[in-house]
Amino acid sequence: MPDLDPKRLSDLIDQKSSRRAFIARASALSIALPAASAALTACSPNDKGGADSTGTGQAATTGGGQDSLLHNSDSRLDSAVLKGQHGTLSATPDALRGAEQTAFHRYDPVLPPLATGGRVQLHWHAREAPIRISDDTVVAGWTFEGDIPGPVVHCRVGDTVEFTLTNDSDIPHSMDFHAAQIDPKVAFRSVLKNQSVTFTYKPKWAGAFMYHCGTAPVLMHIGSGMYGAIVVSPREPLPSAKEFVLVQSEFYLASVAAGVRAFDYQKMLSTVPDFVVFNGRLNQYIKEPIRVKLGERVRFWVVSTGPQHPCNFHVVGEQFDTVYLGAPPGTPIRGVQTWAVPPGGGMCFELLCDVTGEFPFVNHGFGHGQKGAIGILSVES
Amino acid sequence: MPDLDPKRLSDLIDQKSSRRAFIARASALSIALPAASAALTACSPNDKGGADSTGTGQAATTGGGQDSLLHNSDSRLDSAVLKGQHGTLSATPDALRGAEQTAFHRYDPVLPPLATGGRVQLHWHAREAPIRISDDTVVAGWTFEGDIPGPVVHCRVGDTVEFTLTNDSDIPHSMDFHAAQIDPKVAFRSVLKNQSVTFTYKPKWAGAFMYHCGTAPVLMHIGSGMYGAIVVSPREPLPSAKEFVLVQSEFYLASVAAGVRAFDYQKMLSTVPDFVVFNGRLNQYIKEPIRVKLGERVRFWVVSTGPQHPCNFHVVGEQFDTVYLGAPPGTPIRGVQTWAVPPGGGMCFELLCDVTGEFPFVNHGFGHGQKGAIGILSVES
Amino acid sequence: MPDLDPKRLSDLIDQKSSRRAFIARASALSIALPAASAALTACSPNDKGGADSTGTGQAATTGGGQDSLLHNSDSRLDSAVLKGQHGTLSATPDALRGAEQTAFHRYDPVLPPLATGGRVQLHWHAREAPIRISDDTVVAGWTFEGDIPGPVVHCRVGDTVEFTLTNDSDIPHSMDFHAAQIDPKVAFRSVLKNQSVTFTYKPKWAGAFMYHCGTAPVLMHIGSGMYGAIVVSPREPLPSAKEFVLVQSEFYLASVAAGVRAFDYQKMLSTVPDFVVFNGRLNQYIKEPIRVKLGERVRFWVVSTGPQHPCNFHVVGEQFDTVYLGAPPGTPIRGVQTWAVPPGGGMCFELLCDVTGEFPFVNHGFGHGQKGAIGILSVES
């Protein structure tokens, strides 16, 4: 298993975070920015590391260097990979700084209110930051807006989404909204540190859509935390309901210090996750359940960001009266115990809370569900 | 790979099965009953063993003891784990007793007749028992009613299901019916040895629903054999057909003696099964096919219990004229070669047998299908 | 991991390819043709190798020999396995001959024109051949017509498909069309070297159907390259569109020489692929995109041959306005970002190209997608 020998966190982060200093740390963690033509398959199985999926995780450097920093105009043609002697990890200085002091916070699952005036204006930052995912574990995250997942966006079909991403990180990043129909070569292009990209779109279909960093290797950027959900409600409102957003994702981790772990690219390629979670935390809605009242309708907008596995969504003791297979309200199906949301996909699940009780919602693929994807829906009188 | 050194079976079971004696066997297999607050995540990745999914399977004891036996009123707050020096196995004395003499029997795939009088009365026992899954392999099972899967239940929408579970085992167990809408904290609660739980419900939707033990860690209880199918027919009958039930499940096994294997929790977390089977036996319907007559309609109620993987259901040489995506007869789709039943889910497949021949039914994910999920549908003139 | 020590290719293929010589190479690669009753489970987990999915891959010989060559009348009752000291590999002499000189060619994704006169006449050969899947990798393939995938077939519902397979290989092979309703025991039976099988059928349903070799162990034959797509268009034409075929498959490989790799049965059982590709090549449609014009409708017929995993199909920067869940035009759903095509299944995806740009199409399960399942749809004005 590729992980660094645990060491004192201060050893890792006691250094300047300027790009020059960062790149210079070649012996421990080196940044590789492959030249244009090689980039989309950077860290692909063409590399020794990737091809040998059961191997040691010793990944070769994929070339690049200062020169390639100049070739960055095209989102599918740039990439950044951090490689240590034990593989490719997300453990950048920014992703580790202050890790031990990082507080746990519950990720609010409530769907935020609709944007007003038919317009959503977002200026987000891509940045690396430590995130506490349980009492005793912090991960070295790559994030949108400093959290995993990034913020939930909520608008309606036909609204205007004006989006700007500024990159605070030494690693190129980008934004790919599944709710947009737009040339990704332009809109979803990668930007370097302190640079920005802006684009505008109008969602055409309702649904729970994934967004994520699309910079190559996409697996590394999604796998290190750069994802979230945009919920697009139909113009004609769905039945009145309490609405929640659940983003399922997998964590593939190496140890970098006591209680601090980094996302591990070689492990991602093995597709056996350490944790599978809703909204970025292990079992967070067991301790503090999602609470609704008897008689209310509940609507879950479920996004499965992977990077690899579906969410086999199920509520213990309940049945979904409606799952929309197409853009809601399209193609509703009735009387569903469990339905799979594919990785990179999203679906909308509804149930009527006509019984009080504590109803666990789970990924019923329990080889994964048992790894952190369990919460409680509490229906109270 | 966590497995015990093969040893003579008599060494393992030559001891009293009383709870006291059983718990006392701490050095080989110890029972841990975590206290309430820690229980739902017992054996979760918070444990060393689970977090390190490629690790050695050395699971730490999660605490508990006699005291925690008192805290058992809540199905999501109790748990039981058997831990040996090589991991968590299902190899209890009861699950092994008489293993070598256990006979093979074919699991009848025919859908049993409907309950009469609109009422199903079931009094089942949770108990550990060895099950012969092929000529040369016996597994140390945790069961409902002494078989894997448990019995098939058949009723109609709106019928009354009166269910009682009595636990004959040292390990707490419970029952979770996916066909029920009911407070799981009460109805699906765990019960200790010689105790019982009773609940009543009326299925609201038609379909092929999973039932299973929901005691934490759920992965261990499902993975060790505690599952089955309840088929709920719609009030308005579906087209006349020969009806069969297929429950697909995965076996993750360690060796405990020659020809005797135990379910292995650490291996379940790795999600690479040893066997994938229909109705609990390897390829049992090759030797003794499912037989129907030319011109008959066949209806398969397929439940995928996992614990992790879907069943990509396919019949070689045939096509389904109907797969119901919602509760039958809801949302039929036509002309289907293969459809995935998610883990924790169930679906209803129909085909018209207008050609004679021998038609293998398979999980067409052949990495799994090849591990035992192949049978024969024989259409005879 | 079971692979042969890299050695000079000439050492492997410098021998006669006659069956006698081939079978005689027992110490390096031996062919086993199990007797009838044992065959369908040949290389199943009943074998030592299969049962221990995390084991060493040392597969026992499953018996057979010259005698069993006589028992070959039944497709589900014959089998062929190549076993070396390191496991079961596809590295036959024919599959390796000329490997280093094999040229790369792009697999044409364009749906071929419909058969004329309502009749498709095909005489194909099963044969082993090296296939270059990237600049630096050649695989020892088992093929239909010398390529992986085999040729795309295109007809309409109710057309007549007359098919003959002649086997040029020492290993028995067969053909299973998912578009056919026919007795597989007869039509899909295995044939020995220089023998042929012929059958005729009329597809009843529209769709993208898999075809594959069904000789046991099916996993080995599918996993070694014997698959492809037959597209059955409905009688009533779908909306005018540019139509493409994408066959997703997984490669599980061992090294046999520098740059030459063989399909590895034990690795297939582990279900972690080295490569996941569209139309048999790594990322081939990045270098040479699929090109359409602004305003055109694009229809992708996507077949997922596995052998194990689904294709979570997604187009970056676009949304499918239509995915047909049943036989097209049946059960269309609207506004889809990603949908899973199960292994052994096929589906039809449509989008309207109303924006110019470069739109990557991917398997959005990026643990797999990153292993080669990325291409570009270029929409040009």
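Residues numbered from 1 in each chain as written. Chains lettered and ligands numbered in written order. Predicted model: local features only at pLDDT ≥ 70, side-chain atom pairs only at ≥ 80, totals over all residues. Heavy atoms only, no water.

In this section: the packing of aromatic side chains. Tallied over the entire structure, the rule returns 66 aromatic pairs over all chains. Between B:F177 and B:F199 the ring centres are 6.2 Å apart and the planes differ by 70°, which places this aromatic pair in the edge-to-face class. Note that B:F177 is positioned in strand β8 (residues 176-177) and B:F199 in strand β9 (residues 196-201), a separation of 22 residues in sequence. Residue class for B:F177 comes out buried when judged on its relative accessible area of 0%. Where B:F177 meets B:Y201, the ring centres are 5.4 Å apart and the plane angle is 45°; that geometry is what we call tilted. Within this pair, whereas B:F177 is found in strand β8, its partner B:Y201 is found in strand β9, the two being separated by 24 residues in sequence. Three or more aromatic residues joined by ring pairs make a cluster, and in this case those are A:W124, A:F144, A:F163, A:F177, A:F188, A:F199, A:Y201 and A:Y211. (Phe/Tyr/Trp six-rings, centres within 6.5 Å; stacked < 30°, edge-to-face > 60°. Helix = DSSP H or I, 4+ residues; strand = E, 2+ residues; numbered from the N terminus. Buried < 20%, exposed > 50% of the residue type's maximum accessible area, 1.4 Å probe, protein only.)

With that out of the way, let us pick up the side chain of C:N312. Within the fold, C:N312 resides in strand β18 (residues 311-315). Discounting chain neighbours no more than four positions away, the residues touching C:N312 are A:P342, A:P343, C:T338, C:W339, C:A340, C:V362, C:N363, C:H364 and C:G365. (Contact = heavy atoms within 4.5 Å.)

Contact residues are listed per partner, giving 50 residues for chain C and 44 residues for chain B. Counting the surface lost from both chain C and chain B, the interface buries some 3700 Å², and carbon and sulfur atoms represent 55% of this. Counting the contacts that link chain C with chain B gives two salt bridges. Ionic pairing is found between B:E358 and C:K185, a salt bridge with its closest N-O pair at 3.3 Å. Applying the counting rule to chain C against chain B returns 21 residue pairs in polar contact (both at pLDDT 80 or more). Counting only elements with at least two residues in the side of chain C that touches chain B, the list comes to α3 (48-51), α5 (184-187), β10 (207-212), α6 (218-223), α7 (265-270) and β22 (345-352) of chain C. (Buried area = accessible area lost by both parts, 1.4 Å probe. Salt bridge = Lys/Arg side-chain N within 4 Å of Asp/Glu carboxyl O. Polar contact = N/O pair within 3.5 Å; in protein donor to acceptor, adjacent residues only side chain to side chain.)

Next up on the list: the confidence of the model for chain A. Per-chain confidence: chain A averages 83 in pLDDT, with 77% of residues scoring 70 or above. A low-confidence stretch, residues 1-81 of chain A stays under pLDDT 50, and its non-local contacts, those more than four residues away or across chains, total 188 contacts. (pLDDT = per-residue confidence, 0-100.)

Among the secondary structure elements, B:H314 is positioned in strand β18 (residues 311-315). The spatial distance from the C-alpha of B:H314 to the C-alpha of B:I133 is 23 Å, given a sequence separation of 181 residues. For B:H314, the contacting residues outside a window of four places in its chain are B:F320, B:Q337, B:T338, B:P360, B:F361, B:V362, B:H364 and C:H178. In this structure the side chain of B:H314 is engaged in a polar contact, spanning 3.4 Å, whose partner is the side chain of C:H178.

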